[in-house]
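Inside the fold
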Amino acid sequence: MVESIARVRHIRVTPQKARRVVALIKGKQAQEALAILKFAQQSASEPIYKLVESAIANARVKADKENEYLDDADLYVKNAYVDEGTTLKRFQPRAQGRAFQIKKRTSHITVVLSTPEVAESAPAAPTKKASK
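The structure contained in this document is the topic of the report that follows. (Residues numbered from 1 in each chain as written. Predicted model: local features only at pLDDT ≥ 70, side-chain atom pairs only at ≥ 80, totals over all residues. Heavy atoms only, no water.)

Concerning the overall build of the chain
When helices and strands are counted, the chain shows three helices and three strands. From first element to last, N terminus to C terminus, the chain shows the α and β order β-α-α-α-β-β. Within the chain, buried positions represent 30% of all 132 residues. Expressed as a percentage of contacts within the chain between residues at least 6 apart in sequence, the contacts between residues at least 24 apart total 73%. Carbon and sulfur atoms form 49% of the exposed surface of the chain, whose accessible area is close to 9500 Å². (Helix = DSSP H or I, 4+ residues; strand = E, 2+ residues; numbered from the N terminus. Buried < 20%, exposed > 50% of the residue type's maximum accessible area, 1.4 Å probe, protein only. Contact = heavy atoms within 4.5 Å. Areas by Shrake-Rupley, 256 points an atom, 1.4 Å probe, with all protein chains shown as cover.)

Right, dumping it as structure tokens:
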């Protein structure tokens, strides 16, 4: 089983908007997730698309390193989440000498790709029925 992780930190997308896009691809096949992100209209879909591509490349490298066979069609998005990054605070001048604070939020986005686990065919232990 190959599992690869790709992260992007301090990206200038608000976490709330990024979570909407990440929710679209959770649990999907990696190639299907790329197709969804390619045609999603949200601006956060472009950096997440690049992140999924990076995770696929990481999986290829990891499989080559471990001498395992990897088919890109087997990869699926095991987990994807968005954490809040640092907030850039900017000020805009307002009337009568006041200042209005503008918060430019950033995100940390993580995508975990994996291949499905192959269930080993171990003989099942016989179950005993309770007798009364």
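From this point, the discussion proceeds with the structure in view.
Some words on the packing of helix α1 (residues 15–25) against helix α3 (residues 45–65)
Their axes nearest at 10 Å, the elements α1 and α3 cross at an angle of 45°. The orientation of α1 relative to α3 falls into the category oblique. Handedness of the crossing formed by α1 with α3: right-handed. Facing Ala 18, Val 21, Val 22 and Ile 25 of α1, the residues of α3 in contact are Ser 45, Ile 48 and Val 52. By residue class, the composition of the contact of α1 with α3 is six nonpolar, one polar and no charged. (Axes fitted to C-alpha atoms, helices over the stretch in contact; angles between N-to-C directions. Parallel < 35°, antiparallel > 145°, perpendicular 65-115°, else oblique. Left-handed = near helix turned anticlockwise from the far one by under 90°. Nonpolar A, V, L, I, M, F, W, Y, C, P; charged D, E, K, R; others polar.)

Some details on the side chain of Thr 106
Note on placement: Thr 106 falls in strand β3 (residues 99–114). Within polar-contact distance, the side chain of Thr 106 engages the backbone oxygen of Thr 86 at 2.4 Å. Contacts of Thr 106, omitting those with residues within four sequence positions, involve His 10, Ile 11, Arg 12, Val 13, Pro 15, Glu 84, Gly 85 and Thr 86. (Polar contact = N/O pair within 3.5 Å; in protein donor to acceptor, adjacent residues only side chain to side chain.)

Side note on α1
Of the positions making up α1, those classed as buried are Pro 15, Ala 18, Val 21, Val 22 and Ile 25. Viewed along the axis of α1, the buried residues span an arc of 125°, placing them on a single side of the element. Projecting away from the buried face of α1 at angles above 90 degrees are the exposed residues Gln 16, Lys 17, Arg 20 and Ala 23. Residues of α1 that are buried sit in contact with α2 (30–39), α3, β2 (76–93) and β3. Positive backbone phi, at 80°, marks Gly 27, one or two positions downstream of α1. (Arc of directions from axis to C-beta.)

Notes on α3
Spanning 21 residues, α3 covers 30 Å between terminal C-alpha atoms, matching the ideal 30 Å at 1.5 Å per step. For α3, every residue scored as buried is listed here: Ser 45, Ile 48, Leu 51, Val 52, Ala 55, Ile 56, Ala 59 and Ala 63. Take α3 and look down its axis: the buried residues cluster within an arc of 145°, on one side only. The outward face of α3, more than 90 degrees from its buried face, is lined by the exposed residues Glu 46, Lys 50, Val 61, Asp 64 and Lys 65. Buried-residue contacts for α3 involve β1 (3–11), α1, α2 and β3. (Expected span 1.5 Å × (residues − 1).)

Considerations on the nonpolar core
Grouped together as the largest cluster of nonpolar side chains are 28 residues, with contacts concentrated most on Ile 48, Val 52, Ile 56, Leu 75, Ile 109, Val 111 and Leu 113. Of all the secondary-structure elements, those providing two or more residues to this core are β1, α1, α2, α3, β2 and β3. In terms of residue count, the dominant contributor to this core is α3 (seven residues). Not counting the four nearest positions on each side in its chain, Val 52 is found in contact with Ile 25, Ala 30, Leu 34, Leu 37, Val 111 and Leu 113. (Core = buried A, V, L, I, M, F, W, Y, C linked by side-chain atoms within 4.5 Å.)

Everything listed is a geometric property; what it means functionally is a separate question.
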